[in-house]
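# Residue-level structural notes
Read off the chains here:
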Amino acid sequence: MAERDFAVTSSLLKQFCFECHADQHAEAKINLKRMTSGAPFATGFNTWKKVVDRLAQRKMPPQDARQPSDSQRRQLISKIREQLQIVAKQHAEDPGQVIMRRLTRAEYAYTLQDLTGFDLKLEHDFLSDAVGGEGFTNVGLVQFVQDSTLERYLEAAKKVAAHAVIGAGPLQFFRDPGKTGFELSAISRIQEIYRQHGFRTGAGEGGEAFGLDRYPRAFYTAWRFQHRQKLGLGNVTLAALAADEGLESRFAEYIWSVLTRRTSSSPTSEIVARWRLLPVPGGDHKQLATDVRAQCEGLYQLLHRWHNTLGQNADDKEQAFLLTADSFEVAQVKPFVMNLNNWPDGASQVIVHVFVEIVQGGGKQNPVVIWHKPAIQFRRKDLRLEVPRPLNMVLSRKSADRLAFGTHPKGGTVGRGDFVTTGAVSQTFDLPIPAGANSALLTVEAKLDVEYGDDCIVRCTISETKDALQGKTVSGLLANPDGSTFKAWVPGVLEFARLLPQVSHREPAPSDRDPIPPPFDNSYNNPERNDYHYKIKYHRDDQFLVDRILDDAMRERLDQAWTDLWASFEYHDAFLRFVIDKYKLDMAGRGIAERDLSWIETLPAEPRKYVRDLHRGYDSVHKALEAAQSGHVEDVIRFTSYAWRRTLTETEQARMRSYYEELRKRSQLGHPKAIRTLLARALVAPDFLFRTERSRPDGKTPDSPLSQWELASRLSYFLWSSLPDAQLRRAAQAGELDDPKQLARQARRMLRDRKSRRLAKEFFGQWFGFYQFDGYRGTDPQRFPQFTDSLKTAMHDEAVSFFEYIVRNDRPAREILFADYTFLNRELAEHYGIENAVSSTTIPQRVEGVLRFHRGGLFGLGAVLTVTSAPMRTSPVKRGDWILRRVLGTPVPPPPADAGSIPADDVLSDGLTVRQRLEDHRRDPSCANCHSRIDPLGFTLEHYDAIGRWRATYRDGQPIDASGKTNDGKVISGPRGLRDYLASHQELFQRTLSTKLLGYALGRRVSVSEEILIEQLMSEQQGDGRFSHLVERIVASKQFRYHRGNANWQPKTGIGGEKKQ
Amino acid sequence: MNTTAEQSRGTQSLSRRSFLRGAGFTLALPWLESLPLRAEESGKLVTPPSHKPPVRFACIYFSNGVEPIHWWAKGSGASMELGPGLEPLEPFREDMVFIRGLFNAQAVANTSPHLGRMPNLLSGAWVSLDQNDIRVGKTMDQVLAQQIGKRTALPSLVLGIEPTELRLEDGLSMIYGSCISWASATRPATKEIYPARTFDLLVGDGKGRRLDRSILDQVLEDARRLRIQIARSDRRKLDEYLESIDDIEKRIDRASEDGRLEGWKPTLTEPNMPRPKDDLPQDVPEHMTLMLDLIVLAFRLDKTRIATCMLNNDLSQMNFGFLAGVKGSLHLDLTHNGRDPELEAMYLKTNQFHVQQFAYLIKRLKEIDEGGQSLLDNSLLLLCSNLLDGDRHQADQMPMILAGRGGGSLKPGRVLDYLERGDDNRRACSLYLTLMDRMGVHLDRFGDADRHLAGI
């Protein structure tokens, strides 16, 4: 075809170019004679591109040489371009050679993190990476495996496997490894279920109330269910209404059953009665709903007060108080201690309220309470306590008179300092505050006097406010435990405790203020109790939660977690030893496993009960563990299919199972060890470590279309540096990825995902050189003591967050250079001299309008400005070279070996500035050619110092000249000048971005075969072209979707004029 | 080559049934008795006992050359005079050989001033400038490792201080600038920079690794099945994996045999230093000392007999602020110092610091007695850089110093000048041929050389 045409070209080239570009003395190593005589045009593709550029720019032939006519020049240009186009088209069918890639250090870490759900911190310099291709670590060519590499993989795989939790439930991972991890995992699973589904008032040491809003929501749900017809809800189920409230249906049903019971005793009856008084619907439903909600809240407050009254029976004992359904005791005499410290500075007196309420009296209204030996002890600011003084000696006259110290209204005898109240009362007294005191301790012993008063049950409260429900109070019940009123009331209280408890479960690990189970001595601080906490550690007490709240699936998970917890140490043996010690049984040094039932039957009745339970517990734990075993093997197979990023073949599954059998039988490994070995084996397999792509030629060419799974992996490693997630796996399984629309949809979804921050780190970081900048050590710490680790981290975060923002928010690609925003925390903002813009002291936040502070876009990034500097000074050469190479994609050739150098410091002994040195250097013609391209660009950033700060002068006060004259005669100055210059050369940046992104996606150099694709990618960036458009184009390309089948593949037709046919 | 009486005696314990490769040439070398021999009856590899310590080889590399005016030596033995750059070697003048004028022709010819002249230091090979083809040449230490490294738990130790830089230098992967040891033309030997991991390599001896072996057997089978399914071009990568498994399995198997029932015993059976901390040391001198201590430990435990250590990578920006009066980084500030006198003085200090490390290794080895001889006597140590004048990227001669006696095969206390003897007589690869020969590996040619270095 074009051969004859090209012969014309050859003769023109011969005429005008061969003088310099032929034979041995081919200038610039361009030998046009050889290139036109037999060499395939494609092999000289890039050189031909250069040739045609030089011709078009009229840079060649040089001015002092013979020039072609304009038409000759045009002819040459068009012929070469035509050839270039032909070659590009022919090769566009070639997916190129992507050498099998192993996971990079970062990919390996991300992959394991996504597989296990934990950042196991294995990646720390785990493997040595290198870069190749277009400058990235994900290039197969530079990824090597040696025995020591594999040893590390093996070691890491075993470490990961040690994090596996192998218990009664399905296989999972936990952040801590081994035995400890197993135990902690069980506790954390238990606590998670408890916290999610349970509730508790603030009982126990440091215990905080949570989940109690379940009660008002359940009352409200029950009300809606009761009035479902009137509310227009039709035949709605209680479960559906519970779901509306985010409530477990079992709990809603349970509360419904309590509220609709036929009979209930006090205090339950009071709650039920109040609930039944909730308004019946009619009129404005919306307003009603709000009202009823509020009333349900009030109902809960009532419930809560009962809990407090009955549960918090005193506050001077060491036990954590809780109303339980086991027992309810009350005393006739009770000491109160009240800390008074809420008085304002300079107050002269504090008012104290004393309440007596009749809780239960069977109609009797006249209880008498003797307040015995009330005393007050002031505490001074220096914390010194004064001597306790009887209250009657301290009070104001008026108050003392009101309390009538020393007299018993019913004629009984009391001490001189005592006072007596009768009936339901609310008493107040004011306590004058002596100068210098800032708090006081009020102590008193209250006694129900049934000799002179009614046998009631009363609640006594001392409060700092008028309302006994508000503010700081101490409160307690007084009753005559032998009296009939109390005896009649106890069953109702216990029922209340059972029906509407204040906790749904106890902590799995009881704190030392929580009670321990029988038969152990519960008294505080005795050795038995302390031993329990150390040795047996755990106590399951969650019957209400299990029976009344959890659904079946959650019950099963909870049981599995408890099984694991018991199996995580010698729980049963420790417990058994306790029982044996306690009852002084003959232990004979054997554990629970060796005890058989016949031995248990010989025990005395009381210990027998406990030992039998233990035996049963032990058995069920081991049965549950055993029952889970076969599931774990299948779990490993599923895990392996995630890890290998595809489904496993039948054979592969069978091999896994038989390896497990072999480990159990031949190697005599226990189940957990065998499972761990199986996991480790999956994680050193080639299909995990390498991104394998199997060869299945499509018949038309030697190329293989990638399978759905392989495509999913290319996509996920491109955008996330990790394996496909569940959605992508599902799409691959369903065969959706053949559809370009689905592929693009997945890509867009993935770009929005949090995980694409990794693309910012890996791709942009490696491209622009801020990769792992948080560990950068290239700045001289003596010269720049400000360059701290936290500043480094902030700069790294700034750069990563900037690109993450562009990727995840799909910003126009040109914002990489021209954005008017950046990401700062306070430290970095201060470093840049931006005041008051940022509140965050840790995570960087986006700040708009930063161009006026010389920030925004690539060239304002501290990390970039620092890595392009020398340790002690800026380097205009480094920065200029960096712009040419990494931004414009037009690097200059390396300097000659004896180029000489610029000294380290910016203030030199000979007084010359760096600029002057460079100007000297450029007088040498062999240097001028490149430096006239490098230096003007580099100097535009000279106002940024070596750690990225804006500066007006050099350290010695010399002014900064940030201008330079480019080869085409333009003067550019400062970062703004640089941006303007780049705006007029956007196509160069667009080509670089396209080339880098494609090279990163494919893990190889970009070559002739991508010529057309690169042009398409460039056109995607016109105007506001979005980042996602580039990604969509790339993933839709043949290069991305095919694997080249044969390294020796050649285009089907001959190229250009060089193949004589 | 001299055959001493003592060495000859050593060979008599060899079984007569044994087949000894290259016998005539190797008899001179004392450790060769421990060459693995195939016992006719069992077909198993057995190692006949030797009473003489083996010869160890270590190469210490520093990047970016030296200041040439300070790099000289003259005279011999105790009266040898050393240039300022070599000052730390003063106490060891009688233990060293100063060699001037050796070069690698392919390095000189390469246009890339750094990466084209560095990864080929120990191979004399051409460094491929094709960005799609990482290629240099197998280095002499790895030739040794592959030929005789099987006798010890580790074929070789490949150590360094700095990690591989993650960037391209003029379009070339910095893997070039980070590796002086290459296991094959296309694959660098994995360099260890973590002292703790190096320690673990030496101390974990592969015993009790039956389970690991069973895992490896499984994945080996995976790899074999995979191999037939992937494109030919991918197989090269998978083959690296297969070889690696093979290497580990062999090592596990070797460790479970006790190869040293009688004969020469290493001077240590347990490490005599604590396990270093897990982290990478932040202090450079401390890091280097640790790595050199680990080489000594490896030799004493006889875990390997071949080691290389890169004190820095090519183009290293190692900050030398830890040296009094020195500021700035090695490559950009100090090597390329613009001939500023103050900076030249600092550069000299960095040169001396590197030499100091070598002196430390000599000192340590010299203090260890291996039955009448020191460990240094049984070693061949090489200190080298790939450029003489670092500022000018001068590769037409390289700074090289040998130390030790090579088990009697090297006479120290000399200054050898090859610069004016003609290119054919001053090839670094000739030196490597000689060194390998003295380690018991006999090649006719290596790199660009087909003859030994005369007079060494």
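Further up the page is the structure itself.
### Section: the overall build of chain A
Within chain A, the regular secondary structure consists of 40 helices and 19 strands. The C-alpha atoms of chain A give a radius of gyration of 41 Å, which is well past the 31 Å a tight globule of 1061 residues would have. Seen through its principal axes, chain A has C-alpha atoms that stretch 135 × 75 × 70 Å. Here chain A, with 1061 residues, has 43% of them falling under the buried criterion.

### Description of the interface of chain A and chain B
Across the contact, 60 residues belong to chain A and 62 residues belong to chain B. Put simply, the parts of the chain that give the side of chain A that touches chain B at least two residues each are helix H6 (147–162), helix H23 (671–683) and helix H24 (686–689) of chain A. Residues of the side of chain A that touches chain B, tallied by class, amount to 27 nonpolar, 22 polar and eleven charged.

### What to know about helix H3 (residues 45–56) of chain A
Since there are 3.6 residues in each turn of an α-helix, residues three or four apart along the chain are aligned in direction. Residue and element names in this part refer to chain A. In this model, H3 (twelve residues) spans 17 Å end to end at C-alpha, consistent with the 16 Å of a helix rising 1.5 Å per residue. Of the residues making up H3, those classed as buried are Phe-45, Trp-48, Val-51 and Leu-55. Buried residues along H3 cover an arc of 115 degrees about the axis, so they all sit on one side. Exposed side chains of H3 directed beyond 90 degrees from the buried face belong to Asn-46 and Asp-53. Against helix H4 (70–91) lie the buried residues of H3.

### Looking at the nonpolar core
In terms of nonpolar packing, the biggest core is built from 350 residues, with Phe-219, Val-369 and Leu-679 of chain A together with Ile-295 of chain B touching the most fellow members. At eleven residues, helix H9 (residues 284–301) of chain B tops the list of elements feeding residues into this core. For Ile-295 of chain B, the contacting residues outside a window of four places in its chain are Ala-58, Leu-157, Ala-307, Cys-309 and Leu-361 of chain B. Formed by 13 residues, the second largest nonpolar core is a distinct cluster that contains Phe-45, Val-51, Leu-76 and Ala-88 of chain A.

### A word on the environment of Lys-150 of chain B
Along the chain, Lys-150 of chain B falls in the loop between helix H4 (140–148) and strand E7 (157–160). On the neighbour-count criterion, Lys-150 of chain B (16 C-beta atoms within 10 Å) is partly exposed.

### Let's talk about the sheet that holds strand E5 (residues 349–360) of chain A
Residues and elements named next belong to chain A. Spatially, four strands are ordered E9-E5-E11-E12 in an open sheet, and the strand pairing comes out antiparallel. Both edges of this open sheet fall to strand E9 (425–432) and strand E12 (473–478), since each of them pairs with a single strand only. Strand-to-strand, the axes of this sheet are offset by a mean angle of 15 degrees, without reference to chain direction. When strand E11 (residues 457–463) meets E12, the two strands line up antiparallel, connected through six bridges. Looking at the pairing, Arg-459 lines up with Leu-477 of E12.

### Description of helix H18 (residues 552–567) of chain A
Residues and elements named next belong to chain A. Its 16 residues give H18 an end-to-end C-alpha distance of 22 Å, which sits within 8% of 22 Å, the value for a rise of 1.5 Å per residue. For H18, the set of buried residues is Leu-558, Gln-560, Ala-561, Trp-562, Thr-563, Asp-564, Leu-565, Trp-566 and Ala-567. On its buried face, H18 is in contact with helix H7 (178–197), helix H17 (543–548), helix H19 (571–582) and helix H21 (605–643).

What counts, and where the lines are drawn
Residues numbered from 1 in each chain as written. Chains lettered and ligands numbered in written order. Predicted model: local features only at pLDDT ≥ 70, side-chain atom pairs only at ≥ 80, totals over all residues. Helix = DSSP H or I, 4+ residues; strand = E, 2+ residues; numbered from the N terminus. Rg over C-alpha atoms; globule rule 2.2 N^0.38 Å. Buried ≥ 20, exposed ≤ 12 C-beta atoms within 10 Å, placed from the backbone. Contact = placed C-beta atoms within 7 Å. Nonpolar A, V, L, I, M, F, W, Y, C, P; charged D, E, K, R; others polar. Expected span 1.5 Å × (residues − 1). Arc of directions from axis to C-beta. Core = buried A, V, L, I, M, F, W, Y, C linked by C-beta atoms within 7 Å. Pairing = 2+ DSSP bridges. Axes fitted to C-alpha atoms, helices over the stretch in contact; angles between N-to-C directions.

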